[in-house]
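# Topology and contacts: notes
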Amino acid sequence: MSPDRRILFVHAHPDDESIGTGATMARYAAEGAHVCLVTCTLGEEGEVIPAELRHLAADRDDRLGEHRVGELARACAALGVRDHRFLGGAGRWRDSGMMGAPTNDDPDCFWQCDVDLAAAELVGVVREVRPQVIVTYDANGYYGHPDHIQAHRVAWRAFEKAADPAFGEGEPWTPSRFYATATPLSVLEQAVDAGPFGRLKSVGDFGFGVPDEQVTTRVDASGHHEAKTAALRAHRTQITVDGGYFALSNDIGQPVFSVEYYTRLAGAAGPAGDDGYETDLFG
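Residues numbered from 1 in each chain as written. Predicted model: local features only at pLDDT ≥ 70, side-chain atom pairs only at ≥ 80, totals over all residues. Heavy atoms only, no water.

- As annotated in an unreviewed UniProt entry, the protein carries the name 1D-myo-inositol 2-acetamido-2-deoxy-alpha-D-glucopyranoside deacetylase and is attributed to Sphaerisporangium dianthi.
- Word for word, the UniProt comment on the protein under Function (unreviewed entry) is "Catalyzes the deacetylation of 1D-myo-inositol 2-acetamido-2-deoxy-alpha-D-glucopyranoside (GlcNAc-Ins) in the mycothiol biosynthesis pathway." (UniProt positions renumbered as here; feature names shortened; annotations may be inferred.)

### So, the pairing of strand E5 (residues 177-182)
- In terms of burial, E5 is a largely internal element, six of the six residues being buried.
- Burial of the side chains of E5 extends over both faces: Arg177, Tyr179 and Thr181 are buried on one face and Phe178, Ala180 and Ala182 on the other.
- Inspection of the sheet shows strand E4 (residues 133-136) paired to E5 by four bridges, in the parallel sense. Across the sheet, Thr136 pairs through a bridge with Ala180, a residue of E5. (Buried < 20%, exposed > 50% of the residue type's maximum accessible area, 1.4 Å probe, protein only. Helix = DSSP H or I, 4+ residues; strand = E, 2+ residues; numbered from the N terminus. Pairing = 2+ DSSP bridges.)

### Quick notes on the packing of aromatic side chains
- All told, the structure shown has nine aromatic pairs when counted by the stated rule.
- Judged by centre distance (5.2 Å) and plane angle (85°), the ring pair of Tyr28 and Phe282 falls under edge-to-face. Remark: Phe282 occurs in the segment after strand E10 (259-266) and Tyr28 occurs in helix H1 (residues 16-30); sequence separation between them is 254 residues. Comparing Tyr28 with Phe282 shows no difference in burial state: the two are buried.
- Site record: aromatic cluster; members linked through ring pairs are Tyr142, Phe206 and Phe208.
- Lying across the ring of Trp93, Arg92 places its NZ or CZ 4.6 Å from the centre. (Phe/Tyr/Trp six-rings, centres within 6.5 Å; stacked < 30°, edge-to-face > 60°. Lys NZ or Arg CZ within 6 Å of the ring centre and 35° of its normal.)

### Quick word on the packing of H1 against helix H7 (residues 225-234)
- The geometry of H1 relative to H7 is characterised by a closest axis approach of 8 Å and an angle of 140° between their N-to-C directions. Between H1 and H7, the crossing angle belongs to the class labelled oblique. H7 is crossed by H1, and the crossing has right-handed handedness. Together, Ser18, Ile19, Gly22, Ala23 and Ala26 of H1 and Ala227, Lys228, Ala231 and Leu232 of H7 make up the contact between the two elements.
- The residue makeup of the contact of H1 with H7, split by class, is six nonpolar, two polar and one charged. (Axes fitted to C-alpha atoms, helices over the stretch in contact; angles between N-to-C directions. Parallel < 35°, antiparallel > 145°, perpendicular 65-115°, else oblique. Left-handed = near helix turned anticlockwise from the far one by under 90°. Contact = heavy atoms within 4.5 Å. Nonpolar A, V, L, I, M, F, W, Y, C, P; charged D, E, K, R; others polar.)

### Notes on the environment of Leu248
- You can see Leu248 is positioned in the loop between strand E8 (245-247) and strand E9 (253-255).
- Each C-alpha atom of the pair Leu248 and His152 lies 22 Å from the other, and the pair is 96 residues apart in sequence.
- Not counting residues within four places of it along the chain, the set of residues in contact with Leu248 comprises Ile19, Ile49, Gln238 and Ile239.

### Notes on the side chain of His145
- Relative to the helices and strands, His145 resides in the loop between helix H4 (141-144) and helix H5 (146-161).
- Polar side-chain contacts of His145 include one of 3.3 Å to the backbone oxygen of Gly97.
- When residues no more than four places from it in sequence are discounted, the contact partners of His145 are His13, Asp95, Gly97, Met98 and Asn140. (Polar contact = N/O pair within 3.5 Å; in protein donor to acceptor, adjacent residues only side chain to side chain.)

### Details of the state of the cysteines
- This model, assessed by the stated rule, comprises zero disulfides.
- Lacking any disulfide linkage, Cys76 is separated from the closest cysteine sulfur, that of Cys36, by 9.7 Å.
- Under the relative-accessibility criterion, Cys76 is labelled buried at 5%. (Disulfide = S-S within 2.5 Å.)

### Side note on the packing of helix H2 (residues 63-79) against H7
- It is at 8 Å that the axes of H2 and H7 come closest, and there the two elements cross at 175°. Looking at the two axes, H2 sits roughly antiparallel to H7. Contacts from Glu71, Arg74, Ala75, Ala78 and Leu79 in H2 reach Ala227, Lys228, Ala230, Ala231 and Ala234 in H7.

### Description of the nonpolar core
- One finds Leu8, Val10, Leu87, Phe110, Leu122, Ile134 and Val154 to be the most contacted residues of the largest nonpolar core, which totals 30 residues.
- When contributions to this core are tallied by element, the ones reaching two or more residues are strand E1 (6-11), strand E2 (34-39), helix H3 (115-129) and H5.
- The greatest single-element share of this core, amounting to eight residues, is contributed by H3.
- When sequence neighbours within four positions are dropped, the list of residues in contact with Leu87 reads Val38, Thr39, Cys40, Arg92, Trp93, Phe110, Ala118, Glu121, Leu122 and Val154. (Core = buried A, V, L, I, M, F, W, Y, C linked by side-chain atoms within 4.5 Å.)

Laid out in structure tokens, this is it:
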């Protein structure tokens, strides 16, 4: 891979990068691409799994957020990602909590942020890094979390405005492609009633996943399964890993997928494999 390939991942909280795109990030980093990760909050509202760390649970001192900064640094090291930033600086916007929680109304939370203001911060990163590709979530935030939805809005606005000299600072830049993370329902079927954690009986019970026809791109990063697993383990407050599965605080198991899927929302289609999917986010 040419070293002039540059890709920007925009995620809502520490651990999202490893869960949804960790294998992809590790693959491109290993191939010499410049992989930049922007995280929008510190994840202050996360639910802590290990009993010995529950004293970090969300409070106004935000000790959990501070702890998760270290977890994220270790995850990035496992993935080979050397360029990580917090949007607007660490702690600029606070974790909003799950949709409908009282924390959604906090004026300092990411859900309440001015989209243009946050996008201007991201445009600054785009113009510095000059990525050909931006990756985040779809308009539903993958599973409806307010910070994921807002990350999509902010990343999309930055994608639209990065070439506009009247918006933000720095030399204009035009990214060529924009992707959202996606898990095909047929792939998610592998997690139904399987693994060492809690099991669901139907793919619809997961609350995420998209119809197969909505997916455009399949990135095979199976050679980086160990890196993704190590990154998941780094997020110890949020994730438990057992064999080829992991679980969040709900104890519902999911496979550690090292083949990851995306939906192209902007840009020209790249070459497709035998299954009809693009094989490379760079096209």
